[in-house]
Amino acid sequence: MVPESVRDDFPILSRTVHGKRLVYLDSAATSQKPRRVIDALVRYYTTYNANVHRGIYEMAEEATRRYEESRATLAAFIGARRPEELVFTRSTTEAINLVAYAWGRATIRSGDEIILTEMEHHSNLVPWQLLAAEKGAKLRFIPFDGQGQLQLDVYERLLSPRTKLVALAHQSNVLGTINPVKEIAARAHAAGAKVLVDGAQSAPHMPVNVADLGADFFAFSGHKMCGPTGAGAIWARYEILDAMPPFHGGGEMIMLVQLETSTYKEPPHKFEAGTPNIGDCIVWGEAADYLQGIGMGAIREHEKRLTAYALHALGDVPGLAVFGPRDVEDRGGVVAFTLEGVHPHDVAQVLDQEGIAVRAGHHCTQPLHRRLGVAATTRASMYLYNTESDIDALVRGLHVVRKLFSPRPAPAQR
Ligand code: PMP
């Protein structure tokens, strides 16, 4: 169980906004950070800041050791067999771009097909559009139904010997849907395709095991799992990374450089050119330790309970429509909705006046919103530090919104 005292670990949660208690319901955009993570970042800069993999002095060795320990922690966090399978990037976005450029450019040919879904975040869509345009490849899309679930019968028909990659979100950042990745990956592999899983919204919220999922690539970000911004990773099986050409060229990724040619280090260093984001990558490991101390299973259960509570409570708000699966077994704690007659930005602005932080817009999923037939939604997203009282505050806030935007009675005729 996640204890309520967990909130005390997050200094920001004691601040007020417009004179009200902060109710933070935007963890799908970025999570808050526990004091332990903030302190670890200060400790890095105040006691052992040095470049990694270069210096032979004590401090540089400590920075290198902690950077590599963090890699091992994060690799274990997602069930990787070896630390070398985890490449640090700046974000999920950069992780997916790394695969599109390094693996995709070497692998995808004219006429090949890449299967995505209609619920992808732009960061798992635009890199493939760029690759497909360059290579003359074709993108195909698995649609979702009225419950926000992928239509697997259509997927079955899209798969063919031309399919080289299936890339999809593990959990949708709008519908909350947890996709059946294991089943999708098994079918992809049977067709001879690789599978990339966008884990930006799953790794922070549930136990993840890349081997069990059957993923070939798994991308995730530190900032959505209580870690710092600017640190992300791509995991891939070692043989795949080993066979891939580099992404960025520069210092530290090379073995021998001559004027005309170079040879490269082994993974993961082949993909980490230049000075990495040392402090943030180290501290991300601290965040993973923190989450594991609480238990990813306990966090998932906490969010399931809270999501059920939210779906029930929001159901009582007149004119409110929630998107995504109704069953909390099929979804995470991301709840996107519309409120009849009120623009999502207005909803968010009024909620802000009540101290409630939610996101409004298309959440980097324009095609998904087009599919839903709405230009934008308001999104409340939860994490381990949210409680029922946050949901109660949201519902109270939505009643304030309704009151403000309810049509005024016409003035009496004289
Ligand atoms: N994929 C999904 C499903 C996301 O929710 C996000 C973040 N909103 C991303 C990718 C991109 O993550 P980042 O901004 O950390 O690169």
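In this text the structure is predicted, and so the values were computed from the model without any measurement.

Quick question: what am I supposed to make of the pattern of salt bridges here?
A side chain of one charge can pair with a side chain of the opposite charge if their charged atoms are brought near each other. Summed over the entire model, instances satisfying the criterion amount to 26 salt bridges. Between R237 and D216 there is a salt bridge whose closest N-O contact spans 2.7 Å. Separated by 21 residues along the polypeptide, R237 in the loop between β10 (232–236) and α8 (238–243) and D216 in the loop between α7 (210–213) and β9 (217–221) bring together distant segments of the chain. Judged by its relative accessible area of 28%, R237 is partly exposed. With a relative accessible area of 1%, D216 lands in the buried category.

How should I be thinking about empty space enclosed by the protein in this particular structure?
Rolled over the atoms, a probe as big as a water molecule pinpoints where empty space is left. One pass over the structure, following the stated rule, counts one cavity of 30 Å³ or more. The computed volume of the largest cavity comes to approximately 40 Å³. In the lining of the largest cavity, the residues fall into three nonpolar, seven polar and one charged.

So what exactly am I meant to see when it comes to the side chain of T365 here?
Following the sequence through the fold, T365 ends up in the loop between β16 (359–361) and α12 (366–372). Judged by its relative accessible area of 0%, T365 is buried. Among all residues touching T365, those that are not within four sequence positions of it are M119, E120, H121, H122, N173 and V174.

Any chance you could explain the pairing of strand β4 (residues 86–89) here in plain terms?
In regular strands, side chains alternate between the two faces of the sheet. With burial as the criterion, each face of β4 is covered, one bearing L86 and F88 and the other bearing V87 and T89. Examined bridge by bridge, β4 and β10 share four bridges and lie antiparallel to one another. When the sheet's bridge partners are listed, T89 is paired in β10 with G232.

When you look at the layout of surface pockets in this model, what are you seeing that I'm missing?
The space that makes up the largest pocket amounts to roughly 300 Å³. For the largest pocket, the lining is made up of 23 residues, of which T93, H121, S123, A200 and K224 are closest to its centre. Looking at the lining of the largest pocket residue by residue, the class counts come to six nonpolar, twelve polar and five charged. Within this model, the second largest pocket holds a volume of roughly 220 Å³. Contributing to the lining of the second largest pocket are 17 residues, with F88, T89, E94, A273 and P276 lying nearest its centre. Along the lines of polarity and charge, the residues of the lining of the second largest pocket split into eight nonpolar, six polar and three charged.

In this structure, what is going on with the packing of aromatic side chains? I would like to understand it.
For any two aromatic rings, the description comes down to two numbers: the centre-to-centre distance and the angle of the planes. Within the structure shown, the criterion is met by eleven aromatic pairs. Ring centres 4.7 Å apart and planes at 65 degrees place the aromatic pair F10 and Y385 in the edge-to-face group. Taken together, the positions of F10 in the segment before β1 (16–17) and Y385 in the loop between β17 (377–381) and α13 (388–405) put the pair 375 residues apart, joining distant regions of the chain. Residue class for Y385 comes out buried when judged on its relative accessible area of 1%. Members of the aromatic cluster, joined through ring pairs, are Y67, F88, F218, F220 and W284.

Rules behind the numbers
- Residues numbered from 1 in each chain as written.
- Predicted model: local features only at pLDDT ≥ 70, side-chain atom pairs only at ≥ 80, totals over all residues.
- Heavy atoms only, no water.
- Salt bridge = Lys/Arg side-chain N within 4 Å of Asp/Glu carboxyl O.
- Helix = DSSP H or I, 4+ residues; strand = E, 2+ residues; numbered from the N terminus.
- Buried < 20%, exposed > 50% of the residue type's maximum accessible area, 1.4 Å probe, protein only.
- 1 Å grid on protein atoms, 1.4 Å probe; cavity = no way out; pocket = protein on both sides within 12 Å on 5 of 7 lines; lining within 4 Å.
- Points joined across faces, edges and corners; volume = space filled by probe spheres on them.
- Nonpolar A, V, L, I, M, F, W, Y, C, P; charged D, E, K, R; others polar.
- Contact = heavy atoms within 4.5 Å.
- Pairing = 2+ DSSP bridges.
- Phe/Tyr/Trp six-rings, centres within 6.5 Å; stacked < 30°, edge-to-face > 60°.

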